[in-house]
Amino acid sequence: MTPPVKARSGHILLDPRRHYKDLVRVYPDIYKRVVDANRPFVKEGESILPEVLLEENLRDLRANRKPAGYNRPDAFGMRLVFPIADPTRVEFYFTKAIRCQEVVQMTEQASQMLRRRGIKHTVEYDRLPLGPPRGPPGFLPNPAGVGTAVS
């Protein structure tokens, strides 16, 4: 499958026989790429935080638990999320606030790292249940899909 040019989220679903502990060897490389992608958004005084989060995530992975990922509250930063969606299958995804090429690139790079390590997986894009589209602020949606002004 050819990846899209832009995406809001890039999902990697491991083979159902795989577990969180199978990510221990490749996770530091994936995590460091996400942190590097977020360098422009790092605030002063948070320089040690990525290393601490990496160690916490690795501790969870070694214990075969779902890690926290990298879910910083930066408006335009890249996020690495491990959802609770399916307890029988390991999944993680990359996301940004807008559709962009960086999400696709990060997902493809992570997929390549997993393939090199022999970890079977599938890649999907834009699977987030985002709900119906919203109108501009100050407008309420109506059944016809056209916003009406709020007074």
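All values derive from a computational prediction rather than experimental measurement.

**Q** Where do I start with the nonpolar core in this structure?
**A** Most often, soluble globular proteins have nonpolar side chains that are buried together. Counting residues in hydrophobic clusters, the biggest one holds 31 residues, and the most contacted among them are Leu23, Tyr27, Ile30, Leu80, Phe92, Phe94 and Leu114. Broken down by element, the residue count for this core peaks at six residues, all from helix α3 (residues 101–116). Setting aside anything within four residues of it in sequence, one finds leucine 23 in contact with Leu14, Leu61, Phe82, Val90, Phe92 and Leu114.

**Q** Before we go on, may I ask you to explain the environment of glutamine 101 in this structure?
**A** Following the sequence through the fold, glutamine 101 ends up in helix α3. The spacing of glutamine 101 and arginine 8 is 93 residues in sequence and 8.8 Å in space, taken between C-alpha atoms. The residues contacting glutamine 101, other than those within four sequence positions of it, are Val5 and Lys6.

**Q** Whenever I open this one, helix α2 (residues 49–62) confuses me. Can you help?
**A** At 3.6 residues per turn, the α-helix brings residues three or four places apart onto the same side. In this model α2 runs 20 Å from its N-terminal to its C-terminal C-alpha over 14 residues, within 8% of the 20 Å that 1.5 Å per residue would give. Within the span of α2, buried status applies to Pro50, Leu53, Leu54, Asn57, Leu58, Asp60 and Leu61. The buried residues of α2 occupy an angular sector of 160° when the element is viewed end-on, so they sit on one face. Exposed and oriented more than 90 degrees from the buried face of α2 are Arg59 and Arg62. The secondary structure elements touched by the buried residues of α2 are α1 (27–37). Just past α2, the residue asparagine 64 takes up positive phi, approximately 60°.

**Q** Looking at this structure, how should I read the confidence of the model for the protein chain?
**A** When pLDDT is low, close inspection of the predicted coordinates is not appropriate. On average, residues of the protein chain score 85 in pLDDT, and 79% of them are at 70 or above. The lowest-confidence element of the protein chain is strand β6 (residues 148–149), averaging 50 in pLDDT; the highest-confidence one is α3, averaging 96.

**Q** So what exactly am I meant to see when it comes to the pairing of strand β3 (residues 91–100) here?
**A** Each regular strand displays side chains that alternate between the two surfaces of the sheet. Taken across its ten residues, β3 has seven buried, putting it largely inside the fold. As judged from the six bridges shared by strand β1 (residues 7–14) and β3, these two strands associate in the antiparallel manner. Of the residues in β3, the one forming a bridge with alanine 7 is cysteine 100. In this sheet, β3 lies alongside strand β2 (residues 79–81) in antiparallel orientation, the contact comprising three bridges. Across the sheet, the residue bridging to arginine 79 is threonine 95, located in β3.

Thresholds applied
- Residues numbered from 1 in each chain as written.
- Predicted model: local features only at pLDDT ≥ 70, side-chain atom pairs only at ≥ 80, totals over all residues.
- Heavy atoms only, no water.
- Core = buried A, V, L, I, M, F, W, Y, C linked by side-chain atoms within 4.5 Å.
- Buried < 20%, exposed > 50% of the residue type's maximum accessible area, 1.4 Å probe, protein only.
- Helix = DSSP H or I, 4+ residues; strand = E, 2+ residues; numbered from the N terminus.
- Contact = heavy atoms within 4.5 Å.
- Expected span 1.5 Å × (residues − 1).
- Arc of directions from axis to C-beta.
- pLDDT = per-residue confidence, 0-100.
- Pairing = 2+ DSSP bridges.

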